[in-house]
Amino acid sequence: MASLWKCIFGPRLHRIHRRSPVTEGKAHEANLIENGGDQVIRWIRLCYSISYYTSPILATFLYRRGYFTVDGGLSMVRFLSNIGVLFVGAFILRGIGRYRNEDYITFLTVLVNATRDYTPENKRKLSFYDFDFYAWPIDFDIKEVTQGEDKPRICPSKPRSKTLKTLPCSILSYFVAHTFGRRMVYPGATALVQTLIGPALLQGRTKLVEEERGVRSKLLTDDGNEIDTMFVDRRGVNADGNHQTLVICCEGNSGFYEVGCMCTPLESGYSVLGWNHPGFGGSTGAPLPKQEENAIDVVMQYAIHQLHFHVENIVLFAWSIGGYTACWAAANYPDIKHVILDATFDDLVPLAVARMPQSWRSLVITTIRNHMNLNNAELLNRYPGPIQLIRRYRDEMICTQEPPDPATNRGNDLLIKVLQHRFPKLVDETTIPILRDMLAGSEAKAGLHSLYEVDDELITLALRSYVEEYSPSYPMQIGEDLDENTKIQYTLFLASHYMKDFDSTHCTPLPTRLFLKPWDIQQDPGLKFEI
């Protein structure tokens, strides 16, 4: 009876991975009873999810059909009761089907043993199965290494305190942010999207585990969320090259480690750690800024304390909205090796304003600043190390005009804000207009370099000479004694080295030829940047 009970409420088994190069993995073959019950449960949950997100429209429809009357209410109660009976019956049928499935019983035994005693051997046995991640035991708890320490955190500046005059707008913005607003910013957290791409996620995990020997783990954040991660260790392959460097990947608003940007550093030979946003895939929670920060924090602590990578050997690689967690981690772990940001923006506000009705402008700004304040530029300017920005030349997502215009790409603004912070005497009101002209297109870039006779070698020597004579700390004061033409030369040079163009749209995988170590102004590797 106990086994049947566990079968009824146990996790869904998706796949049995291959155990050796000579064996083959296989999808879990559910019998007719298990599959029938499971399909009913899936459809009921999907319908609930859709009705939840469309509840205002659904409530209006029911009201017009008379379901808010006494008779209509009773009819609704009877309908929901029938659905409840069907739901419970589907669970029982599924459990009976599982109880009669030898593969599921074997898996359940392994899971129970691992839950009771999570030894390395039991984890190894459990890793041969792909199943609903909620049942996976905790591999790493951040509280075990922080021990309750309240470490100061660097976060974007908070908006001004609220007053009674702004209270109605603040209440409305909270409602917007925590209902459809959050789901518009992070559609990958919705059940509908995850249902549609579920087979692709399973296929991606299978490839990472069976072909790349990836290790899946569950991390527990400071606020109690469970974060789904995948680690591919290349350190045993070669003691040299990229294998000793860990690349932590931060995905976009509909990206998952299973089908996201992990492929680029893997093809480049790095050790790679992927993770899913709160509310994405097997991760719990919701992709709100505070939960996002706690998620990347536990990923960093896991990489340092359990995977045993030195901070100096960790690279942060982010795509699109994943730039926020990468910038936050860079600001709070300033000793990392470097940061690579692909198709990332400076601030969410201009993008949100451009896509919403102008009459909503005030509400949009209030909502973003109070609840979704993804100010990447502010955080990135707290990081003192090497940065590589990659701009998609035909990016349709982070341009503020349609059709996509490179001049309106918010990656341009991220670049300008970084250069303004680091080289304030070079990148100012006299050189920024020329810089924006350069960012308008590849032809303009080549023409301006030629027009202003930019000498890369000469400028490199001058910058390194300044660092050796004065300081490698940012902001640098180089440029105080230079004429306007020379400042333009320096600005064009710096922009070309901080940002690389990729002739592509937003969602194309980044080729390995563009996954480059950032240009570094330092000639002496012993020098260290400071803020």
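Residues numbered from 1 in each chain as written. Predicted model: local features only at pLDDT ≥ 70, side-chain atom pairs only at ≥ 80, totals over all residues. Heavy atoms only, no water.

Engineer: How should I be thinking about the packing of aromatic side chains in this particular structure?
Structural biologist: By convention here, two paired aromatic rings are described through the distance between centres and the angle between planes. Scanning the entire structure with this criterion turns up 20 aromatic pairs. On the numbers, 5.1 Å between centres and 85° between planes, the contact of Phe 87 with Phe 91 is edge-to-face. Residue Phe 87 and its partner Phe 91 are both found in helix α4 (residues 70–99); the two are separated by 4 residues, about one turn of the helix. A ring pair is formed by Tyr 104 and Phe 107, whose centres lie 5.5 Å apart and whose planes are at 70°; its orientation type is edge-to-face. With Tyr 104 and Phe 107 both in helix α5 (residues 102–116), this residue pair falls 3 residues apart, about one helical turn. Across the pair, exposure class does not vary: Tyr 104 and Phe 107 are buried alike. The rings of Tyr 104, Phe 107, Tyr 129, Phe 131, Phe 133 and Trp 136 are connected pair by pair, giving a single aromatic cluster. Lys 218 extends its terminal NZ or CZ atom over the ring of Phe 133, reaching a point 5.1 Å from the ring centre. Note that Arg 235 overlies the ring of Phe 309, its terminal NZ or CZ placed 4.0 Å from the centroid. (Phe/Tyr/Trp six-rings, centres within 6.5 Å; stacked < 30°, edge-to-face > 60°. Helix = DSSP H or I, 4+ residues; strand = E, 2+ residues; numbered from the N terminus. Buried < 20%, exposed > 50% of the residue type's maximum accessible area, 1.4 Å probe, protein only. Lys NZ or Arg CZ within 6 Å of the ring centre and 35° of its normal.)

Engineer: What is the right way to look at the sheet that holds strand β6 (residues 226–232) in this model?
Structural biologist: Pairing between sheet strands relies on hydrogen bonds along the backbone, with the strands arranged either parallel or antiparallel. The 9 strands lie next to each other as β4-β5-β6-β8-β7-β9-β10-β11-β12, forming an open sheet whose pairing is mixed. Two strands bound the open sheet, and with one partner strand each, they are β4 (140–141) and β12 (499–502). Of the strand pairs in this sheet, strand β9 (residues 314–319) and strand β10 (residues 338–342) are connected by 5 bridges, and their pairing is parallel. Opposite Ala 318, over in β10, you have Leu 341 as the bridge partner. (Pairing = 2+ DSSP bridges.)

Engineer: For this particular structure, what's the right way to read the packing of helix α17 (residues 410–422) against helix α18 (residues 432–439)?
Structural biologist: Running from amino to carboxyl end, α17 crosses α18 at an angle of 145°, the nearest separation of the two axes being 11 Å. Crossing geometry of α17 relative to α18 is assigned as right-handed. Between α17, through Asn 412, Asp 413, Leu 415, Ile 416, Leu 419 and Gln 420, and α18, the contact on the second element is made entirely by Ile 432, Leu 435, Arg 436 and Leu 439. A per-class count over the contact of α17 with α18 returns 6 nonpolar, 2 polar and 2 charged. (Axes fitted to C-alpha atoms, helices over the stretch in contact; angles between N-to-C directions. Left-handed = near helix turned anticlockwise from the far one by under 90°. Contact = heavy atoms within 4.5 Å. Nonpolar A, V, L, I, M, F, W, Y, C, P; charged D, E, K, R; others polar.)

Engineer: What's the story with a nonpolar patch on the surface in this structure? I'm lost.
Structural biologist: Taken together, the side chains of Ile 33, Val 88, Ile 92, Leu 93 and Ile 96 present a nonpolar region at the surface, about 380 Å² in accessible area. Looking at the nonpolar patch, the element that brings in the most residues is α4, giving 4 residues. Within the element layout of this structure, Leu 93 appears in helix α4. (Patch = residues over 30% accessible without salt bridge, like charges linked within 9 Å, V, L, I, M, F, W, Y side chains within 5 Å. Areas by Shrake-Rupley, 256 points an atom, 1.4 Å probe, with all protein chains shown as cover. Salt bridge = Lys/Arg side-chain N within 4 Å of Asp/Glu carboxyl O.)

Engineer: Help me out: how do you make sense of the sheet that holds strand β3 (residues 129–131) in this one?
Structural biologist: On the basis of which strands lie adjacent, the open sheet formed by 3 strands has the order β2-β1-β3 and antiparallel pairing. Each edge of the sheet is formed by a strand with only one pairing partner; in this case those strands are β2 (26–27) and β3. Bridge count for strand β1 (residues 13–16) against β3 is 3 bridges, and the pairing is antiparallel. The residue of β3 that forms the bridge with Arg 15 is Asp 130. Together, β1, β2 and β3 form the strand contacts of α5, whose direction differs from that of β3 by roughly 90°. Against the sheet, helix α10 (residues 198–210) contacts β1 and β3, and its axis sits at roughly 35° relative to β1.

Engineer: Is there a simple way to explain helix α21 (residues 484–498) in this structure?
Structural biologist: For α21, which comprises 15 residues, the first-to-last C-alpha distance of 21 Å matches the rise-based estimate of 21 Å (1.5 Å per residue) to within 8%. Burial runs high along α21: 13 of the 15 residues are buried. The N-terminus of α21 is capped by Asp 483, whose side-chain oxygen sits 3.1 Å from the backbone nitrogen of Asn 485. (Expected span 1.5 Å × (residues − 1). Polar contact = N/O pair within 3.5 Å; in protein donor to acceptor, adjacent residues only side chain to side chain.)

Engineer: What's the story with the pattern of salt bridges in this structure? I'm lost.
Structural biologist: Opposite charge on two side chains allows them to pair when their charged atoms are near. Under the counting rule described, the total for this entry stands at 25 salt bridges. The salt bridge partner of Arg 234 is Glu 212, with a shortest N-O separation of 2.9 Å. A residue pair is termed long-range when its members are at least 10 positions apart, and Arg 234 in the loop between β6 and β7 (246–250) and Glu 212 in the loop between α10 and β5 (215–220) qualify at 22 residues. Judged by relative accessible area, which is 12%, Arg 234 ranks as buried. Here Asp 346 and Lys 417 are joined by a salt bridge, their closest N and O atoms 2.7 Å apart. Here Asp 346 is found in the loop between β10 and α14 (348–355), whereas its partner Lys 417 is found in helix α17, with 71 residues between them in sequence.

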